[in-house]
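Residues per chain are reported as follows:
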Amino acid sequence: MGEIPEKQVGEAGSHLQRVSSTVGLPDQVGNVGRRTMEELAEDIVASHGKSQKSLGPLEKVYVFWLAGMSCDGCTVSVSGATEPALEDLLTGSIPGIPLVILHHYVLQLESGDHYMQSLLKAERGELDGPYVIAYEGSIPDENLSASGEPFAGEGSLPLWAPSEQRRRVSTAEWVKRLAPGAAAMIAVGTCATWGGIPAAYGNITGSMSVMDWLGADYRSALGLPVINIPGCAPVGDNFTDAVQAILLFLQGLGPLPEFDELGRPAWQFSDTVHRKCGRAGFYEEGTFAQEYGDKECLVEVGCWGPVVQCNITEKGAIAHMGGCMNAGGPCIGCTMPGFPDKFAPFYKAPPGSMLSSNASRFMGAIVRPLRRISQRERNREIRWHDTVPSGWAMHNGATSLTHKILEFFYEAMQFQGAERPGRQQTLGYQSLPERVYEGDYQVLPEDRAKKVEKRA
Ligand code: SF4
Ligand code: SF4
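Now for a look at the structure at hand. (Residues numbered from 1 in each chain as written. Chains lettered and ligands numbered in written order. Predicted model: local features only at pLDDT ≥ 70, side-chain atom pairs only at ≥ 80, totals over all residues.)

The secondary structure content of the chain amounts to 16 helices and 7 strands. For the chain, buried positions account for 34% of its 456 residues. (Helix = DSSP H or I, 4+ residues; strand = E, 2+ residues; numbered from the N terminus. Buried ≥ 20, exposed ≤ 12 C-beta atoms within 10 Å, placed from the backbone.)

So, in structure tokens, the structure goes:
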């Protein structure tokens, strides 16, 4: 576990005597609900007319969201999650899931010492349910802070001194104090999972991931190593979905969630971006964007999708909308441990893509024209032969001889060993149009008249 500078640590336990109860604490300014987060959640559940009785062993779970070297992007993503929505977790709307009491510096109703109460209670083991830590941002090396103030802090606590001096508490210190008792430690976003941008070359704050800071031997109170949900910013649903899966398992209502060798939810991160990218068909046909804004595959303007594990192409950024390639951006590998340095410069094609994209280009040059022939033919009704009666003049001509020959063999293969649609003459039954028009029953009226005239 990383070290906290001595100057930032108060005398052990001393502050607890000063803020261990809300008695004597000032009224909270700005708490419009005049409730704690927990009371509000319970009120909402009661107002739905629901029983607060849980379907499993857990009635409620506390989640402490801490932020290190972060841009708050993970908070923005998670608060926009839809499957499930954060609100669903916080209001007991998901059957079987215990009520989630979230302590978050942006969303929390309580402020000041009231805000710190639950963190302190968690440390003392006084909560009436297990707690989970969600950590956003990387953990800086607080020993490098020249001012002595933390790079990343959460709240302040009184010093054990007659004066009313207080000290800011670094989130690294909160991790040190709370991680051993946490049911699970979830690193949210690439800064927390792998160090991310604050830990890129240069790294003036000595930042690192939660996993690196706690060490490989770290295990939560339930025996779990750090759970990692990467992304810069992550897909918000990946966090709420993972929390939901873990809670369902703990309630005995869901299967054991599977994590990969880096602690990522395996069902979210086993596929590459490329496999489900909306532009993958362009790659396969060997057509590539040459500049931003082109609609084709973005590999030649710097997309690393074929080697990057990320599900944004499946989930979208929020509510199945947006996401890098949908918005025109190449994948820069933001979910990967090597991000950002191993994916730079972001505007250059990955060297490994040269082989595969040139192979696609070669194959595409053969396959594309053949596909267009099949497509053209399947863009015609079976009544349309040499004429297409479209006022839009989509195309109006007869097909070429080459096209007809290719189509003849194509159809021969298509129906080989299978039944061609339409009634077979051998069955003896004829529909009314067949009886009336005979072999001309599936042609345009105009063509039929011409055929009849020709036969006469
Ligand atoms: S844009 Fe990227 S992820 Fe999409 S098809 Fe091209 S290389 Fe694959
Ligand atoms: S597609 Fe690439 S850049 Fe976009 S979120 Fe996923 S890993 Fe990050």
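Note that Met185 resides in strand E6 (residues 184–188). On the basis of neighbour counts, which here come to 27 C-beta atoms within 10 Å, the residue Met185 falls in the buried class. Expressed as a C-alpha distance, the spacing of Met185 and Ala134, which sit 51 residues apart in the sequence, is 6.2 Å. Setting aside residues up to four positions removed in sequence, Met185 forms contacts with Ile133, Ala179, Val210, Ser220, Val226 and Ile227. (Contact = placed C-beta atoms within 7 Å.)

Another point: the environment of Leu127. Mapping Leu127 onto the fold places it in the loop between helix H5 (112–124) and strand E3 (131–136). Leu127 gets classed as partly exposed once you count the C-beta atoms within 10 Å, which come to 17. Residues Leu127 and Val61 lie 66 residues apart in sequence; the distance between their C-alpha atoms is 9.4 Å. If near-sequence neighbours (up to four positions away) are discounted, Leu127 is found in contact with Tyr62, Lys121 and Ala122.

As a matter of local geometry, ligand 2 sits amid Gly231, Val273, Val308, Cys310, Ile312, Cys324, Cys331, Ile332, Gly333, Cys334 and Thr335. Residue classes in the shell around ligand 2 are distributed as 8 nonpolar, 3 polar and no charged. (Near = placed C-beta within 6 Å. Nonpolar A, V, L, I, M, F, W, Y, C, P; charged D, E, K, R; others polar.)

Neighbouring ligand 1 are 14 residues; His274, Cys277, Cys297, Cys303 and Gly305 lie closest to it. Tallied by class, the residues present in the shell around ligand 1 amount to 11 nonpolar, 2 polar and 1 charged.

For the rest of this paragraph, the subject is the nonpolar core. Counting 86 residues, the largest nonpolar core has Val132, Ile133, Ile186, Ala187, Val188 and Val210 as the members making the most contacts within it. For this core, the leading source of residues is strand E1 (residues 60–67), giving 7 residues. (Core = buried A, V, L, I, M, F, W, Y, C linked by C-beta atoms within 7 Å.)

A sheet is described by the order of its strands in space; here 5 strands give the open sequence E2-E1-E3-E6-E7, paired in parallel fashion. Where the open sheet ends on each side, the last strands, each with one partner, are strand E2 (99–103) and strand E7 (227–229). Averaged over neighbouring strand pairs, the angle between their axes works out to 25° when direction is ignored. Two elements, E1 and E3, share 6 bridges in a ladder whose sense is parallel. Each residue of the ladder has a partner; that of Val63, found in E3, is Val132. (Pairing = 2+ DSSP bridges. Axes fitted to C-alpha atoms, helices over the stretch in contact; angles between N-to-C directions.)

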